[in-house]
Amino acid sequence: MKLLIIIKALTLLAIVACKSPEVTSPPAARKLVWSDEFDKAGLPDSTKWSYEVGGNGWGNNELQYYTAKRLENARVENGKLIIEARKEAYQGKNYTSARLMTQGKTTWTYGRIEAMAKLPAGRGTWPAVWMLGKNISTAGWPKAGEIDIMEHVGFDEGVIHGTVHTEAYNHAKKTEKGKAIPIKGVATDFHLYAIEWTADRIDFFVDDQKYYTVQKSALGSTEAEWPFDKPFYLLLNVAVGGNWGGQKGVDESIWPQRMEVDYVRVYQ
């Protein structure tokens, strides 16, 4: 009798073991949809990048004049994009730099956007990797929305900031949503700065370490609260001074200073 019970038990176990488990499909892997590996020396690729030009302070009382197609300020060399801020008299300003953008070339809605970069150092430097809503020319700032993937100010070296700005939440109202993280060697080593952006959240990363999340459920779903459901374009720049970057003055002895970018990649 005991033998019969054991045989039945083993048979039942065998049947259970042979049943196919419930299959759960993993989320679809993102694919690389756009990139610049900066492998062709000279001016940045004109099929991918345009320039913001001028020296109007850019709403922040910045000191630089942004130039276009000027190798001294933006160039590709040794497989890296160089954005260089220089101390020089130019168009009525005492500094030059460059602000590259994909506006008019490419925009994205959602995905992982990342840049491998080494940052400038010293008081007065203010590099950024960031995004603006495609409709900024009609909606204006901050209604169009802004996503700061990485900002760094030289007087506070080694502190990386990730922030979003909207009509309801922005630095002009002192209601912006963001967080800072200390990172060693930002001016001596390359680090990976990234966001992962979906319909309901934006996650911020440095070297694949997530340090901040902003959620639609927390901010609200109106356009003033969450404009992040439409196309955005990417910007790379190095500012000089300004309301934040120049908060503790500008060290006149450090120039030129550069941000080096090994690559920029977008996955969806």
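Below is a summary of the structure that appears in this document. (Residues numbered from 1 in each chain as written. Predicted model: local features only at pLDDT ≥ 70, side-chain atom pairs only at ≥ 80, totals over all residues. Heavy atoms only, no water.)

### As for the pairing of strand 6 (residues 93-97)
(1) Moving on: One ladder, built from 3 bridges, connects strand 3 (residues 64-66) with strand 6; its direction is parallel. For Tyr 65, the partnering residue across the bridge sits in strand 6 and is Thr 96.
(2) Moving on: In this sheet, strand 6 lies alongside strand 5 (residues 80-90) in antiparallel orientation, the contact comprising 3 bridges. Residue pairing in the sheet places Lys 87 in a bridge with Tyr 95 of strand 6. (Pairing = 2+ DSSP bridges. Helix = DSSP H or I, 4+ residues; strand = E, 2+ residues; numbered from the N terminus.)

### As for the sheet that holds strand 7 (residues 99-101)
Two pairing modes exist for strands in a sheet, parallel and antiparallel, and in both the strands are linked by backbone hydrogen bonds.
(1) Moving on: Strands sit in the order 2-7-16-9-10-11-12 across an open sheet of 7 strands; the sheet is antiparallel. Edge positions in the open sheet fall to strand 2 (50-52) and strand 12 (177-182), since each of these has one partner strand only. When strand polarity is set aside, the average angle formed by the axes of neighbouring strands in this sheet is 20°.
(2) Moving on: Of the pairings in the sheet, the one linking strand 9 (residues 125-133) to strand 10 (residues 146-151) comprises 5 bridges and is antiparallel in character. Bridged to Met 131 within strand 10 is Ile 147. (Axes fitted to C-alpha atoms, helices over the stretch in contact; angles between N-to-C directions.)

### Here we look at unusual backbone geometry
(1) Moving on: At the junction of Trp 141 and Pro 142, the peptide bond is cis and its omega measures out at 10° in the coordinates.
(2) Moving on: Residue Trp 58 is not a glycine yet carries a positive backbone phi of 55°.

### Observations concerning the pattern of salt bridges
(1) Moving on: This structure, assessed with the given rule, holds 19 salt bridges.
(2) Moving on: Ionic pairing is found between Arg 258 and Glu 84, a salt bridge with its closest N-O pair at 3.4 Å. Of this pair, Arg 258 sits in strand 17 (residues 257-267) while Glu 84 sits in strand 5, and the two are 174 residues apart along the sequence.
(3) Moving on: Ionic pairing is found between Glu 260 and Arg 258, a salt bridge with its closest N-O pair at 3.7 Å.
(4) Moving on: For Glu 260, a relative accessible area of 14% corresponds to the buried category.
(5) Moving on: Residues joined in a network through salt bridges with shared partners are Arg 70, Glu 72, Arg 75, Glu 77, Glu 84, Arg 86, Glu 88, Lys 118, Arg 258 and Glu 260. (Salt bridge = Lys/Arg side-chain N within 4 Å of Asp/Glu carboxyl O. Buried < 20%, exposed > 50% of the residue type's maximum accessible area, 1.4 Å probe, protein only.)

### Some remarks on the environment of Ser 35
(1) Moving on: Inspection of the secondary structure assignment puts Ser 35 in strand 1 (residues 32-36).
(2) Moving on: Those residues in contact with Ser 35 that lie beyond four places of it in its chain are Lys 48, Val 264 and Arg 265.
(3) Moving on: Side-chain polar atoms of Ser 35 contact the side chain of Glu 37, separated by 3.5 Å. (Contact = heavy atoms within 4.5 Å. Polar contact = N/O pair within 3.5 Å; in protein donor to acceptor, adjacent residues only side chain to side chain.)

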